[in-house]
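# Survey of secondary and tertiary structure
Next come the chains, spelled out residue by residue.
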Amino acid sequence: MNYLAGLNEPQQAAVQHITGPLMIIAGAGSGKTRVLTYRTAYLLDKGVDPFQILLLTFTNKAAGEMRVRVEKAVGNDAKNIWMGTFHSVFAKILRFEGKHLGYTSDFSIYDTDDSKSLLKSIIKERGLDDKVYKPNVVFNRISGAKNRLIGPDEYLNNPIIQADDAAAKLPEIGSLYKLYTLRCFQANAMDFDDLLFNTNVLFRDHPVVLDKYQRKFQYIMVDEFQDTNVSQYLIIKKLAAMHNNLAVVGDDAQSIYAFRGANIDNILNLEKDYPNLVTIKLEQNYRSTNSIVQAANSVIAKNKNQLKKNVFTENEEGSPIELIKAASDNEEGRLIATNIFEAKMALGLRNTDFAILYRTNAQSRAFEEALRKLNIKYRIVGGLSFYQRREIKDLLSYLRFVINQKDIEAFKRIINLPKRGIGDTTIARIEITAAEQQKSVWEIVSNIRQYQAGRFAETIEGFADLIKSFILMTQVPNKDAYEIASHVAKASGLLKELHEDKTVEGLSRYENVQELLNSIKQFVDNPDTEDHSLASFLQTVSLLTTADEEDPDGDNDRVTMMTIHGAKGLEFNHVYVAGMEEDLFPSQMMLQSRADLEEERRLFYVAITRAEKKLVMSYAESRYQYGRLKPCEPSRFLDEIDPKYLQFARNIRRAVEETQRVPQGFVRRVDNQSGVVSNNLPLSNKPGISTTTSNLIQKKPVVNSAPATYVPSPDFAPSDTKNLQEGDRVEHLKFGYGKVKKMDVNGNDRKATIEFEGGVGEKTLLLSFAKLRIIS
Ligand SMILES: Nc1ncnc2c1ncn2[C@@H]1O[C@H](COP(=O)(O)OP(=O)(O)OP(=O)(O)O)[C@@H](O)[C@H]1O
Ligand SMILES: [Mg+2]
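The model shown is predicted, which means the values in this text are computed figures rather than measured ones.

### What to know about the overall build of the protein
- Secondary structure assignment for the protein yields 29 helices and 26 strands.
- Expressed as a percentage of its 776 residues, the buried residues of the protein come to 52%.
- In the protein, the share of contacts with a sequence separation of at least 24, taken over all contacts with a separation of at least 6, comes to 72%.
- Accessible surface for the protein amounts to roughly 35900 Å². Of this, 50% is attributable to carbon and sulfur atoms.

### What about the site of ligand 1?
- Around ligand 1, 19 residues are found, and the nearest of them are Lys32, Arg34, Gln254, Glu571 and Arg610.
- One nitrogen or oxygen atom from the side chain of Gln11 is found 2.8 Å from a nitrogen atom belonging to ligand 1.
- Arg610 places a side-chain nitrogen or oxygen 2.7 Å from an oxygen atom of ligand 1.
- When ligand 1 is considered free in solution it has 640 Å² of accessible area, and contact with the protein chains removes 83% of it.
- Examining the composition of the shell around ligand 1, we find that three residues originate from one element, helix α2 (residues 32-45), more than from any other.
- Across the shell around ligand 1, the residue classes tally to three nonpolar, ten polar and six charged.

### Description of a nonpolar patch on the surface
- On the surface, Phe341, Met345 and Leu374 cluster together into a nonpolar patch covering about 270 Å² of accessible area.
- Relative to the helices and strands, Leu374 is located in the loop between α16 (364-373) and β13 (378-380).
- The class of Leu374 is partly exposed, set by a relative accessible area of 31%.

### A word on the sheet that holds strand β16 (residues 611-620)
- Spatially, seven strands are ordered β13-β14-β12-β15-β16-β11-β19 in an open sheet, and the strand pairing comes out parallel. Each end of this open sheet is capped by a strand with a single partner; those strands are β13 and β19 (646-648). Averaged over all neighbouring strand pairs, the angle between strand axes comes to 25 degrees, with direction disregarded.
- Sheet analysis places strand β11 (residues 321-326) next to β16, joined by five bridges and oriented parallel. In the strand pairing of β16, Ala326 is matched with Ala620.
- In this fold helix α14 (residues 290-300) packs onto β11 and β16, with an angle of close to 55 degrees to the strand it touches most, β16.

### Observations concerning the sheet that holds strand β8 (residues 278-282)
- A sheet is described by the order of its strands in space; here six strands give the open sequence β3-β2-β6-β7-β1-β8, paired in parallel fashion. Of all the strands in the sheet, the pair left with one neighbour each is β3 (82-84) and β8. Averaged over all neighbouring strand pairs, the angle between strand axes comes to 10 degrees, with direction disregarded.
- Bridge analysis of strand β1 (residues 22-26) against β8 gives five bridges, and the strand direction is parallel. Bridge assignment links Met23 to a residue of β8, and that residue is Thr279.
- Each of β2 (53-56) and β3 touches helix α3 (residues 60-74); the most contacted strand, β3, lies at about 135 degrees to it.
- Sheet strands in contact with helix α12 (residues 230-240) are β2, β6 (219-222) and β7 (246-250), and its direction is about 160 degrees off that of β6.

### What to know about the packing of aromatic side chains
- Under the criterion given, the structure shown has 18 aromatic pairs.
- Relative to Phe90, the ring of Phe86 lies with its centre 6.1 Å away and its plane at 35 degrees, an arrangement referred to as tilted. Of the two residues, Phe86 and Phe90 are both situated in helix α4 (residues 86-97); the distance of four residues between them amounts to about one turn of the helix.
- On the basis of an interplanar angle of 90 degrees and a centroid distance of 5.6 Å, the ring pair of Tyr155 and Tyr177 is categorised as edge-to-face. Taken together, the positions of Tyr155 in helix α7 (residues 152-157) and Tyr177 in helix α9 (residues 173-186) put the pair 22 residues apart, joining distant regions of the chain. For the pair formed by Tyr155 and Tyr177, the shared burial category is buried.
- Three or more aromatic residues joined by ring pairs form one cluster here, namely Trp82, Phe203, Tyr213 and Phe217.
- The ring of Phe58 has Lys568 sitting right over it, with the charged end atom 3.9 Å from the ring centre.

### Details of the environment of Ala752
- Its place among the elements puts Ala752 in strand β24 (residues 749-756).
- Residue Ala752 is classed as buried on the basis of its relative accessible area of 0%.
- Dropping the residues within four chain positions of it, Ala752 is found in contact with Leu724, Val740, Lys742, Met743, Lys763, Thr764, Leu765 and Leu767.

### As for the packing of α2 against α3
- At their nearest, the axes of α2 and α3 sit 9 Å apart, and the two run at 40 degrees to each other. Judged by the angle between their axes, α2 and α3 are oblique. Note that α2 runs across α3; the crossing there is right-handed. Of the residues in α3, those in contact with Thr33, Leu36, Thr37, Thr40, Ala41 and Leu44 of α2 are Met66, Arg69, Val70, Ala73 and Val74.

### What to know about the pairing of β6
- Here β6 shows no split at all, with Tyr219 and Met221 on one side and Ile220 and Val222 on the other all buried.
- Of the pairings in the sheet, the one linking β2 to β6 comprises four bridges and is parallel in character. Across the sheet, Leu56 pairs through a bridge with Val222, a residue of β6.
- As judged from the three bridges shared by β6 and β7, these two strands associate in the parallel manner. Counted as the bridge partner of Ile220 is Leu246 from β7.

### Looking at α2
- Here α2 is 14 residues long and its end C-alpha atoms lie 20 Å apart, about the 20 Å a rise of 1.5 Å per residue gives.
- Within α2, the full set of buried residues consists of Lys32, Val35, Leu36, Thr37, Arg39, Thr40, Ala41, Tyr42, Leu43 and Leu44.
- Looking one or two places after α2, you find Gly47, whose phi comes out positive at around 95 degrees.

### So, the side chain of Glu368
- Looking at the secondary structure, you find Glu368 in helix α16.
- At a separation of 3.0 Å, a polar atom in the side chain of Glu368 contacts the side chain of Tyr378.
- The residues touching Glu368, leaving out its near neighbours within four places in the chain, are Tyr378, Ile380 and Met561.

### Thoughts on the pairing of β16
- For β16, a buried count of eight out of ten residues is recorded, marking the element as mostly surrounded by other parts of the structure.
- As paired strands, strand β15 (residues 572-577) and β16 are joined by five bridges and run parallel to one another. Residue pairing for β16: Val575 is matched across the bridge by Leu615.
- For the handedness criterion, the β-α-β arrangement of β15, helix α26 (residues 594-608) and β16 is classed as right-handed.

### Some thoughts on the pattern of salt bridges
- All told, the structure shown has 44 salt bridges when counted by the stated rule.
- As a salt-bridge pair, Asp194 and Lys146 come within 2.9 Å of each other at their nearest N and O atoms. Of this pair, Asp194 sits in helix α10 (residues 192-205) while Lys146 is found in helix α6 (residues 135-147), placing the two residues 48 residues apart along the sequence. Neither residue differs from the other here; Asp194 and Lys146 are each classed as buried.
- For Lys521, the salt bridge is made with Asp525, and the minimal N-O distance between the two is 3.4 Å. Of this pair, Lys521 and Asp525 both sit in helix α24 (residues 504-525), four residues apart, which is roughly one turn of the helix.

What counts and how
- The numbering scheme is per chain: residues are counted from 1 as the chain's sequence reads.
- Note on labels: chains are lettered from A, ligands numbered from 1, in written order.
- With the structure being a predicted model, the display of local features is reserved for residues of pLDDT at least 70 and the display and counting of side-chain atom pairs for 80 or more, all residues being used for whole-chain, interface and lining totals.
- Values reported for side chains reflect all heavy atoms of the structure, with hydrogen atoms and water molecules removed beforehand.
- A run of H or I in DSSP counts as a helix once it spans at least four residues, and a run of E counts as a strand once it spans at least two, with each numbered from the N terminus.
- To sort residues, take the accessible area from a 1.4 Å probe on protein chains only and compare it with the maximum for the residue type: under 20% means buried, over 50% means exposed, and anything in between is partly exposed.
- Note on contacts: a residue pair is in contact if any heavy atoms of the two residues lie within 4.5 Å.
- Areas reported as accessible are Shrake-Rupley estimates using a 1.4 Å probe. Residue values count occlusion only from the protein chains shown.
- Any residue with a heavy atom lying within 4 Å of a molecule or strand is counted as near it.
- We call two N or O atoms a polar contact when they sit within 3.5 Å, provided that within protein one can donate a hydrogen and the other can accept it, with sequence-adjacent residues counted only if both atoms are side-chain atoms.
- Side-chain classes follow a simple rule in which Ala, Val, Leu, Ile, Met, Phe, Trp, Tyr, Cys and Pro form the nonpolar group, Asp, Glu, Lys and Arg form the charged group, and the remainder, Gly included, forms the polar group.
- Without a salt bridge and with relative accessible area above 30%, a residue can belong to a patch; like charges are then joined within 9 Å and nonpolar side chains (Val, Leu, Ile, Met, Phe, Trp, Tyr) within 5 Å.
- Salt bridges, as used here, are contacts in which a Lys or Arg side-chain nitrogen is within 4 Å of a carboxyl oxygen on Asp or Glu.
- In this analysis, strands are considered paired if DSSP registers two or more bridges between them.
- In this analysis an axis means a line fitted to C-alpha atoms, helices contributing only their contacting stretch, and an angle means the value between N-to-C directions, from 0 to 180 degrees.
- Planes of paired rings set the category: under 30 degrees apart is stacked, over 60 is edge-to-face and the rest tilted, where pairs are Phe, Tyr or Trp rings (Trp by its six-membered ring) whose centres lie within 6.5 Å.
- In this analysis the charged atom, NZ for Lys or CZ for Arg, is taken to sit over a ring once it is within 6 Å of the ring centre and within 35 degrees of the ring normal.
- Roughly parallel covers angles under 35 degrees, roughly antiparallel covers those over 145, roughly perpendicular covers 65 to 115, and oblique covers all other angles.
- For a crossing to be left-handed, the near helix must be turned anticlockwise from the far one by less than a right angle; the clockwise case is right-handed.
- Multiplying 1.5 Å by the helix residue count minus one yields the expected span of that helix.
- Looking down the strands as they point away from you, a crossover is right-handed if its path from the first strand over the helix to the second goes clockwise.

Written as structure tokens, this is what we have:
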């Protein structure tokens, strides 16, 4: 097969450059991921052993998709390539080599909830206030340190870090970090950051092990390189040091994980660390229409900090980017769902062609409701993951404890589950005994009669016997993960308890557990699974990223909803970017510095560049946040899109008409001075007005003298106001028609005073923000 057909010249050069370090820095949709896939096939075709290739991706799903493509090209060999996320690949290495660091191959992987719960108990144990030492905050600080490869001792001895913590009035973080690390180690557990941290320690302190993997991985490739952190970069650097065959692809304009420690400097470091680095640029975008590519370019050009690139496309011009304005978040949901419905009908598209992207998971609710009403199937990627649900974690904790009896977080979760009357005091007593005897909790529990007598001892003995019987099962050859897990679900009493709960939630929890068992069955039946053991299953699930989860009923034709962060690397025919409002996107938390705002803008760039044919953006004029209705302003990012490529959605007239109906719970307010009518005053702020009154208001406008509400033209598209002059006739998105009376220019700060019609009156507007269309 010719692996070069279907690639342009620089792409071909990248595929053929197989010896020596290579960096491909390229714009969105320019075929970076495609190059890595073809390059892998090319390597195999040239006779490279699949066991010698390591390919690191952003999600396990992305790795799976690449594997399928490579398999199509070169056949079964592709199965033997090591492909996956940093976490899954290095967890696999740690299973083999963790013994050098004092872990057994059955170590548990603590998810973020486990880590926080452990921190919480440590904070309590140390007598600190968890309102001051919030587990979340402590966890983030520890995580940040680990990602910069700072261990607990170094943390405690570093005067800058100590001064920093003291200034934040959190001087005990270092000692909490130390205790946390010790407890994880005693539990034979690693958290997500440890998987990278410990790999670094392993390679640093055990040259023989490093040598083994350096020899093995002769060809190393990394996708989404811009989002690697220092810890990840050092691992790659160490692994590649023997053969120097390292190929990374990335786009500095899409670096969006600085808050997790990702470091754009890795791109610059690469040039320093590899003087013979070959750099290839890819500039042709194959994904999107020209309007979308140009709109994205106009946005990212606002960032000062970036490598020069000229992204272009030969694709069709395509339709302009559409903007939808909604009165509220609920209406935003309705308008987008309707828009999807209409586009499906008009263009014969499938649900999978659509994605709704948002800044925060909490925004998904309004879309869920609206899509459900129109019978459009969807899936939410991320958010509360299936594996974080209570009942799922309950069963998984049983399974974890059966595999690793030092897993104290799992133990605490299951000891009184289903209820056995064992309370916190009993658990604390067991922990104290364990500490006194210098034994593990399980050693105490499994021999409880030696330490305690009485009713509690009897109950605990019953629990220990149950666990022992499960452990025995794992030792029977040929007992696979499914047989053990379904036995544990029944024998532990978990299923029975859920089955007896006849509430809607209870039923759904029961179904979820069945679903987990189904997924274990699938895992066991999958011909690609080498190891059918329970330990192997647990490792797989603990490393799933939320983007990896499958659809529950196997129906894959669904609209995708996810955060923009999760959408990295993906593409969809139609993309909706929702919640384009100040303080939401850009997020309020990201307005502290220029660097933060630039990161937020890169996130916006990622969002825009996911769309192939059509991009629609929306904003709401009011939104519930933290239980209160808040008026919202359109995002500054909307002003950064070259207006040539932007237009208000065609159905805007209907949308505006709908917003004029006052929703229940609101009163229509007329500001006497500006004459502006607004609907966004919640009734609860107006004591004395009952709902009945508000219903009356709804039927009959309060003030007849209010100015005729202006409805923008259906084809309203803001103009470039560079050449706006006195005397020009204009249309403003909110204030309607008017005439420019005066221009006021002061450097970049350009203002126009406009006399609007229809009783709106004179207004002075800052032109960089005003949504104006010049009529003549
Ligand atoms: N030479 C080419 N000819 C035709 N289609 C191409 C070519 N190169 C890439 N494509 C297609 O363009 C789309 C974008 O490619 P790909 O996802 O590899 O880009 P990317 O640079 O990895 O994007 P991102 O920055 O979003 O990760 C894909 O659908 C891919 O199949
Ligand atoms: Mg990609």
